[in-house]
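# Inside the fold
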Amino acid sequence: MLLRLHQIDKFYPTGEGPLHVLNGIDLSLEAGKSLALTGESGSGKSTLLHLVAGLDSPDAGEIHLGGTNIVGLNDTALAALRRGTVGLVFQQFNLIPSLDVAANLAFQARLAGRPDPAWLKVLAKRLGLAQVLTRYPEQLSAGQQQRVAIGRTLAARPRLVLADEPTGNLDEATGDAVLDLMLSLVAETGAALLMVTHSNRLANRLNARVHLHAGRLV
Amino acid sequence: MVWTGLTALLSHWRRRPVQLAMLLLGLSLATALWSAVQAINGEARASYDRAAAILGQDRLAQLVREDGARMDQQEFVRLRRAGWLASPVIEGEMRFGDVRLRVLGIDPLTLPPQAQQVDIAAGDQLLPFITAPGVLYAAPETAARLTEQATPPVRVAEGLPPGTVLTDIGQAQVLLGAKDKISRLLLWPDQPIGRAPLKVTAPGLTLREPSETGDLARLTDSFHLNLTAFGFLAFAVGLFIVHSAIGLAFEQRRQVFRTLRALGLPARVLVLLLIAELLTFALLAGLVGVALGYVVASALLPDVAATLRGLYGADVPGTLSIRPAVWAAGLAIAVIGTLVAAAQSLWRLWHLPLLAAAQPRAWARASERALRAQGVAAMVLLLTAAGIAHFGSGLEAGFALLAALLLGAALALPLVLTGILHLGGRLARGPLAEWFWADTRQQLPGLSLALMALLLALAANVGVSTMVSSFRLTFTGWLDQRLASELYVTARTEAEATAIRDWLAQRSEAVLPIWSIEGRVAGQPAAIYGVADHVTYRDNWPILSAVPEVWDRIATGDGALINEQLARRQELGLGDQITLPGGWRASIVGVYADYGNPIGQVIIGIDTLVQHYPDVSRLRYAIRIAPGKAESLAAGLRAEFGLPAQNVIDQAGIKVFSLKVFERTFNVTAALNVLTLGVAGLAMFASVMTLSGMRLPQLAPVWAMGLTRRHLAWLELSRGLLLAALTMLAAVPVGIALAFVLLAVVNVEAFGWRLPMHLFPGDWARLAALALLAAGLAAAVPAWRLARLSPSDLLKVFAHER
Ligand SMILES: Nc1ncnc2c1ncn2[C@@H]1O[C@H](COP(=O)(O)OP(=O)(O)OP(=O)(O)O)[C@@H](O)[C@H]1O
Ligand SMILES: [Mg+2]
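The text that follows walks through the structure, step by step, so that each part is easy to find. Everything numeric here is computed off the predicted structure, so don't read it as measured data.

A count of helical and extended segments in chain B gives 25 helices and 21 strands. Reported as C-alpha extents along the three principal axes, the dimensions of chain B are approximately 100 × 60 × 50 Å. Burial status across chain B gives 54% buried among its 802 residues. Considering only contacts in chain B between residues 6 or more positions apart, those separated by 24 or more positions represent 81%. Per element, the accessible surface of chain B, about 34,000 Å² overall, is 62% carbon and sulfur. In chain B, 67 positive and 58 negative side-chain charges are present, and the distance between their average locations comes to 13 Å.

And the structure:
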């Protein structure tokens, strides 16, 4: 089992007392498989993804990634995990504004020590970014930016791809093409994909789906 | 609507108190440094005016000898007999113990009413005034200095300039050792008709019209201009903070502006509201600034007063009075400064497209566009500077050159840094290094104003410290030459002087007279010294240029040496003829360095001096003796003649004193410099703090991709240090150029002498360390906050629309 969540609890402090966002979540995902995570706005999908990515820590429970419990690891170990093992595509595009598209695409792979120019070329072509490699993020459309963010994650060949509504800014055809790409990568490399989406159509194309409601998976 | 708008606008500052504090602090510091200089200058000018107005000299015409020397009292008697209404005055310097004073002797019976400074005739005060031992009138401050000294009775009189005592002419003649002599005659405004013409009665005298500005005001003008220039530089550096704080506040409130406009608030009203807001800040900060300025000024004034006394013999009180003009000027400059600093932002707001997206990047991108325009402006300014350096002359041209040079360099800085950062990125290996350089470059527009301020402050520091150190080095060398004799003795009477000379003849290697008279040369106050033909002068005198055999020409009496300031001011050179007091002429055979002397000086042979001025006072001597024996000889002199300690001074004593005067000369400039550097450090801090809020969206993705917060914080810190280090590197050549202009143009105009430039890389290293420390501190706070930021705060970046 690549990923296993056990009894995860997460609270956010708010003005009206602590908000119980995640309440005893259990979840597992095998290598080579894909899982869709749905739920209404504000149900805690992004929160769950951030916990798995080692960006934030749960208030209770265990997260096993490739056999190690990442809850309680120190900053350095979590950073190494983010660099090497997981790849995250955010809900909001999050490119580095001072680097051009080519540098953004290559950034995470190089950071992880796995640069692969040939693979980058393929990705740029399949994501339709070959014409904009020398542009800067602010000169791209929202959809183009999202594709760069996806390409950057895939370029590093992480064992676990976490995607937060990766196709939210794309039209239907492009969204389908991008999902194809992600699924084929998962299949080729034996990685796993955990993807948040609002679209039933896209959710149905993944191996399995879970729904988050009132802090619990249903 | 307007009220709602105002509340919305002001809420920004409530949420960002640091930004508000920076804005107010920057403005009040800028105003403070400016006002401090104004307060100091105002105080000095007021005291020059008081000195110029003493005895009604600003309203009464006077009769003086053309050469400035004293006249016989007989002249006065002759003129009275011929029907002139005149009143005699004697003026001179003397010491009471260790207090040096200007003594003014007047004749209360003939004094014109316009000249009556003190009501001497009141009550029964006239009799004690005109009979021995007389009465000295002095300003309260001067009177206080005299309490310890043995003087005639002292009475306090308001309105007298500091360092001056007023007494009866008879007493003054005794005190000054000038029996039957007078310095000038004050003329009553209404003279009787039918009096004999001046040419017949007193052919040696000329009429001097009343003048409002004294010699002092003219002499010290350039010194005050110097101060003003540095005050202005400090003000300009402070304005950089204000400009960047206002710019950021406007950019961050774009959304609010847009909403208000969309809700129907006219652009005109919005701009007026913002101007009102800025004016409130300006007045508030202006008040604090002027008050702070007084604190700075009163800390600096004693040094300025000492400098003015040492350098120009001008007496300025050591305490400040509160002047309404300084308050008004301070508030005005704060308001003007704020409006200048805000002009660009207001202009942009006026042209704000209603639907333009609010994006922090827009500000940076506009600055990028501005970069090219800036480069062009920098080129134009630097070329202008080169042009002025080549063709211009005079103090105004010197300052114009400084302004063009500094502004040009500041404007060129972002361009130069961009180039260097490009190069750094080109050479970088690895994704993090590449990102570091690229990101630093992207930060530049937001930081460039602060960096420009830092560049100005650092360059001014390098420039001024180079000037001061060059000065010190040259000056100490010069002192060694100039003070070649081991002992200096001053006798109290001519008889004693003769006795001392006889006594010394057997006991020393040489006794060199230091005799001089004062007068006017080429229309300027000057002193004429006679020197003996002695190897001491041949070996040591700091000659700058001279004809061959110069000392032989002096000894034979047909030549004169003049000091550098006289040569420069009157454009005199070797071979030119000058007319000396008494009307005789001599030809210039050499020019020598005479640092620290405000007036002109002429050196002629001792025999020539005595021949032309037989009644020259012969009290001072330099004594040559083996250095080891100097101390016992000094003790012997004091014991044998009962001389007070200060009448026998050794070389070391004079050197210490002279060096002290010189060290203080540039204390004020140095202090202003340090304060300016502090303001620039604050500008850095303000910019970095404000930018750090906008930084998170740029840093969060890198964090998410696998960097720890600590790592990022270190990179942020290094970025600040890198920019400061590069700015410091750029500041060194600018500072050297500045030092060159100060030494070769401004000082020559201001003081009348030119100094060779010496470079002190050690000083730069120290300054660089200081700059890095300041930048490190400025960057450390946001870096520390970044390292301690909670993950959920970083994650918010990804959840919010940017
Ligand atoms: N840092 C925070 N502090 C307090 N509350 C938070 C914080 N982050 C998220 N929340 C709250 O936690 C809940 C879950 O947020 P989350 O972003 O995980 O929802 P989501 O399912 O991703 O929603 P969406 O589909 O709109 O993206 C929301 O109610 C949100 O308001
Ligand atoms: Mg979400």
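Let us now look at helix H9 (residues 254-262) of chain B. Residue pairs three or four apart in sequence face the same way in an α-helix, which turns once every 3.6 residues. Regarding H9(B), the residues found buried are B:Arg254, B:Phe257 and B:Leu260. Looking straight down H9(B), one finds its buried side chains confined to an arc of 130°; they lie on one side.

Here the focus is the sheet that holds strand S11 (residues 487-490) of chain B. The pairing of strands in a sheet comes from backbone hydrogen bonds and takes either a parallel or an antiparallel form. All names here are of chain B. Taken in spatial order, the 4 strands of this open sheet run S12-S20-S11-S21, and their pairing is antiparallel. Only two strands of the sheet have a single neighbouring strand rather than two, namely strand S12 (510-513) and strand S21 (648-650). Strand-to-strand twist across the sheet, computed as the mean angle between neighbouring axes with direction ignored, equals 25°. One ladder, built from 4 bridges, connects S11 with strand S20 (residues 620-624); its direction is antiparallel. Opposite Val 489, over in S20, you have Tyr 621 as the bridge partner.

Turning our attention to the sheet that holds strand S10 (residues 205-208) of chain B. Residue and element names in this part refer to chain B. Read from one edge of the open sheet, 8 strands run S6-S5-S7-S4-S3-S9-S1-S10, paired in mixed fashion. Since the sheet does not close on itself, it has two edges, and those belong to strand S6 (154-156) and S10, each with one partner. Each neighbouring strand pair of the sheet contributes to a mean axis angle of 30°, computed without reference to strand direction. Packing against the sheet, helix H6 (residues 169-176) makes contact with strand S3 (86-96), strand S4 (99-106), strand S5 (136-138) and strand S7 (164-168), and its axis sits at approximately 35° to S3.

This next bit is on the interface of chain A and chain B. On the side of chain B, 28 residues touch chain A, which itself brings 24 residues to the contact. When chain A packs against chain B, close to 2,400 Å² is buried across both sides, 61% of that on carbon and sulfur atoms. Connecting chain A to chain B are 2 salt bridges. Here A:Asp75 makes a salt bridge to B:Arg709, at a shortest N to O gap of 2.8 Å. Between the two partners, chain A and chain B, sit 7 residue pairs in polar contact (both at pLDDT 80 or more). At the level of elements, helix H2 (75-84) and helix H3 (101-111) of chain A are the ones that each hand at least two residues to the side of chain A that touches chain B. Considering only residue class, the side of chain A that touches chain B consists of 11 nonpolar, 6 polar and 7 charged.

Further remarks concern the site of ligand 1. Among the 16 residues in the neighbourhood of ligand 1, the closest are listed as A:Ser41, A:Lys45, A:Ser46, A:Thr47 and A:Gln91. Close to ligand 1, residues of chains A and B are found. One nitrogen or oxygen atom from the main chain of A:Gly42 is found 2.8 Å from an oxygen atom belonging to ligand 1. At 2.5 Å, a side-chain N or O of A:Thr47 approaches an oxygen atom of ligand 1. The element best represented in the shell around ligand 1 is helix H1 (residues 45-52) of chain A, accounting for 3 residues.

This paragraph deals with helix H5 (residues 142-155) of chain A. All names here are of chain A. Over its 14 residues, H5 runs 20 Å from end to end, which matches the ideal 20 Å to within 8%, given 1.5 Å per residue. Across the 14 residues that make up H5, a large majority, 13, are buried. Positive phi shows up at Arg 157, right after H5, with a value of about 45°.

Bringing the nonpolar core into the picture now. Counting 181 residues, the largest nonpolar core has A:Leu3, A:Leu5, A:Leu160, A:Leu162 and B:Trp435 as the members making the most contacts within it. Per-element tally for this core: the top contributor is helix H14 (residues 431-482) of chain B, with 26 residues. Both domains that meet at this core, namely domain 1 (2-47 + 222-476 + 659-795) and domain 3 (482-657) of chain B, each give it at least three residues. Beyond its immediate sequence surroundings of up to four residues, A:Leu5 is in contact with A:Ile25, A:Asp26, A:Leu27, A:Leu48, A:Val52, A:Glu62 and A:Ile63. Formed by 40 residues, the second largest nonpolar core is a distinct cluster that contains B:Ile517, B:Val521, B:Ile562 and B:Val616.

How each quantity is defined
- Residues numbered from 1 in each chain as written.
- Chains lettered and ligands numbered in written order.
- Predicted model: local features only at pLDDT ≥ 70, side-chain atom pairs only at ≥ 80, totals over all residues.
- Heavy atoms only, no water.
- Helix = DSSP H or I, 4+ residues; strand = E, 2+ residues; numbered from the N terminus.
- Buried < 20%, exposed > 50% of the residue type's maximum accessible area, 1.4 Å probe, protein only.
- Contact = heavy atoms within 4.5 Å.
- Areas by Shrake-Rupley, 256 points an atom, 1.4 Å probe, with all protein chains shown as cover.
- Lys, Arg positive; Asp, Glu negative; His and termini not counted.
- Charge placed at Lys NZ, Arg CZ, Asp CG, Glu CD.
- Arc of directions from axis to C-beta.
- Pairing = 2+ DSSP bridges.
- Axes fitted to C-alpha atoms, helices over the stretch in contact; angles between N-to-C directions.
- Buried area = accessible area lost by both parts, 1.4 Å probe.
- Salt bridge = Lys/Arg side-chain N within 4 Å of Asp/Glu carboxyl O.
- Polar contact = N/O pair within 3.5 Å; in protein donor to acceptor, adjacent residues only side chain to side chain.
- Nonpolar A, V, L, I, M, F, W, Y, C, P; charged D, E, K, R; others polar.
- Near = heavy atom within 4 Å.
- Expected span 1.5 Å × (residues − 1).
- Core = buried A, V, L, I, M, F, W, Y, C linked by side-chain atoms within 4.5 Å.
- Domains from an automatic or database assignment.

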